[in-house]
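Observations on the model geometry
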Amino acid sequence: WQSQTSGQYQRRVHGGVSASPTTPPRVHCENNFPLCCVVRQFRDHPLERGWTKINETGVQPFLKRIESLDEEKFEKKSIPQEEYGETYDTIFNMCIQREPYNFSEPLYNKHREALTDYYSKKVIPAIREGQEKHGLAFLQEWVRRWRDNKWTVDGMRRMFMYLDRFYVPNSEDLHNMSEQGYTLYRNNVFNEFKDASRDAILDCIRREREKEIQDRELLKDAVAVYVELGQKLQKVDLQLYQQDFEEKFIDATAKFYQVKSRAWLDQDSCPDYMVKAEQCVTEEEQRLSQYIHGSSKQKLMDAARNELLKDHQGELLAKKLAARLRLPRHTGDR
C-alpha cells in the first residue's frame, strides 16, 4: 500500500502541475479528470474541516492505540492501511494547492500542537502518577513512555510524510517531523522529569552499592533514555547524557567511595581494605557492562580508583608498615 500511495503521489506531482502562475494547477488524474475537479473539491475543504478529518481519522485513533500499546502487534502494523492512506491523501491534497489554498504551514503547526496536547494530557500525568507512588513505578513509567514515544514520533512522521519531503526542505530553520517530535518530547516531558529520574536511578545505584539487589534491566532502560534522546536530536548526541546524567552520577560515585573508604580505613587492616577496594572496582566495571553507557568508563573508573586507592596511598602504606612492626620477631632475627 505504501508503494501504491507513492505511485499516486508520483502521478499527482509529476503528472502535471501547471507552471503558469495565472492558471490553476492541473493534475492529470488516473481517470483523466481535469484538475479543476480536484481544486473545486479542495476549496470546499478549508483548514479546520481538513484538520478535523486528519485528526479524527488518523491522529487520534493512532494515539489511542499508543495508549493501549501491544508492542508485538504494533510492530506488525502501527497504522492500518486504510487509515494511513486516507490521512496521507488528505494532507497531500491540502498541501499541493496554490495560495490561499496551500495549508502546508498550518498543518506543520497542527502536527506540533497535536503532539504537545498529547504529551500534556496523557504522558506527563502518567509519569507524574508513577512518581507519586514510589521510585520503581516512576522509573517504569519513565521507560515505558519513552518507548511509546518512539512509536508516536515515527507514526506521526509517516502520516505527515509529505511535509517532510517537500515543505520542510524548502523552508528555513524548520525541524523535520521526527526532529520536531523528539524536540517536543524533550521540551515538554524529558525536561520536566529528567532530574527526578536521574535521582531515582542514582538512588538505585547507591542501594546496589550497599548490596541491595536492583533491577538492572530497568536501570539500563532508564539510563538509555538520556542516551537515545540525545542521539535523536541533531547536534546533541551524548551531550544530553553527559550534562543531565553523567556529571551527577560521577559526582555521586566519588562521594560514596569517599565516605566508604574513610570508614573502612578506620576499621580494617590494609589487606582487608584492599580486598574491599578491589571488589568495588570490579562491581563498577560490571555496571559499565550492564547499564551505564560505555562513554563513562574512564570517568567512572577514575572516580572509584581515586577515592578508594590513589587518595589513600600514604595511609595504606603506613598501615602496612605498622602491621609489620607489630609482628613478633623470631630469635634468629636479633
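Here the structure is shown first, and the text comes after it.
Attention in this report is confined to the structure presented alongside it. From a predicted model like this one, the values you see are computed outputs, not experimental measurements. (Residues numbered from 1 in each chain as written. Predicted model: local features only at pLDDT ≥ 70, side-chain atom pairs only at ≥ 80, totals over all residues. Heavy atoms only, no water.)

1. Some details on the overall build of the protein
As a reminder, the rule being used: Starting at the N terminus, helices and strands are each numbered in turn, a helix being any DSSP run of H or I of at least four residues and a strand any DSSP run of E of at least two. The classification of residues rests on relative accessible area computed with a 1.4 Å probe and restricted to protein chains. Under 20% of the type maximum is buried, over 50% is exposed, and intermediate values are partly exposed. Whether two residues are in contact is decided by their heavy atoms: any pair within 4.5 Å suffices. Note on areas: Shrake-Rupley with a 1.4 Å probe; residue coverage comes only from the protein chains shown.
Within the protein one finds 14 helices and 0 strands. Tracing the protein from N to C terminus, the helices and strands come up as α-α-α-α-α-α-α-α-α-α-α-α-α-α. Here the protein, with 334 residues, has 45% of them falling under the buried criterion. Pairs at least 24 residues apart make up 73% of the contacts formed inside the protein by residues separated by at least 6 positions. As presented, the protein carries roughly 18500 Å² of accessible surface, and 47% of it is formed by carbon and sulfur atoms.

2. What to know about the packing of aromatic side chains
Rules: For Phe, Tyr and Trp, rings pair up if their centres lie within 6.5 Å, where Trp contributes its six-membered ring, and each pair is then called stacked (planes under 30 degrees apart), edge-to-face (over 60) or tilted (otherwise).
Overall, the coordinates contain 18 aromatic pairs when judged by the stated rule. Relative to Tyr-119, the ring of Tyr-118 has its centre 6.0 Å away and its plane inclined at 45°; by these criteria the two rings are tilted. Taking the relative accessible area as the measure of exposure, Tyr-118 reaches 6% and is therefore buried. Here Trp-142 and Tyr-226 contribute two aromatic rings whose centre-to-centre distance is 5.8 Å and whose plane-to-plane angle is 45°, an arrangement assigned as tilted. Placement of Trp-142 in helix H7 (residues 135–159) and of Tyr-226 in helix H10 (residues 216–232) is noted, with a sequence separation of 84 residues between them. Tyr-226 gets classed as buried once you look at its relative accessible area, which sits at 0%. What links up through ring pairs into an aromatic cluster is the set Trp-142, Phe-190, Tyr-226, Tyr-241, Phe-245 and Phe-249.

3. A short note on the side chain of Arg-198
Among the structural elements, Arg-198 can be located in helix H9 (residues 177–209). Not counting the four nearest positions on each side in its chain, Arg-198 is found in contact with Tyr-226, Asp-244, Phe-245 and Lys-248.

4. Here we look at the environment of Asp-266
We apply this condition: Under this definition, polar contacts are N or O atom pairs within 3.5 Å; protein pairs additionally need one hydrogen-donor-capable and one acceptor-capable atom, and for neighbouring residues in sequence, both atoms have to be side-chain atoms.
For Asp-266, the location among the structural elements is in helix H11 (residues 239–267). Reaching out from Asp-266, the side chain makes a polar contact with the side chain of Arg-262 at a distance of 3.0 Å.

5. Side note on the nonpolar core
Worth spelling out the cut-off: Only buried residues count toward a nonpolar core. Its members are Ala, Val, Leu, Ile, Met, Phe, Trp, Tyr and Cys residues joined through side-chain atoms within 4.5 Å.
The biggest cluster of nonpolar side chains holds 88 residues, and the ones touching the most others in it are Val-59, Leu-107, Tyr-119, Phe-160, Ile-201, Phe-245 and Leu-308. Ignoring anything within four residues of it in the chain, the contact list for Leu-107 reads Leu-47, Trp-51, Ile-54, Ile-91, Met-94, Cys-95, Phe-160 and Leu-163.

6. Some words on the environment of Cys-95
For Cys-95, the position within the fold is in helix H5 (residues 81–95). In this structure, the C-alpha to C-alpha distance between Cys-95 and Pro-106, residues 11 residues apart in sequence, is 9.7 Å. Residue contacts for Cys-95: discarding those within four places in its chain leaves Asn-102, Phe-103, Ser-104, Leu-107, Tyr-162 and Leu-163.

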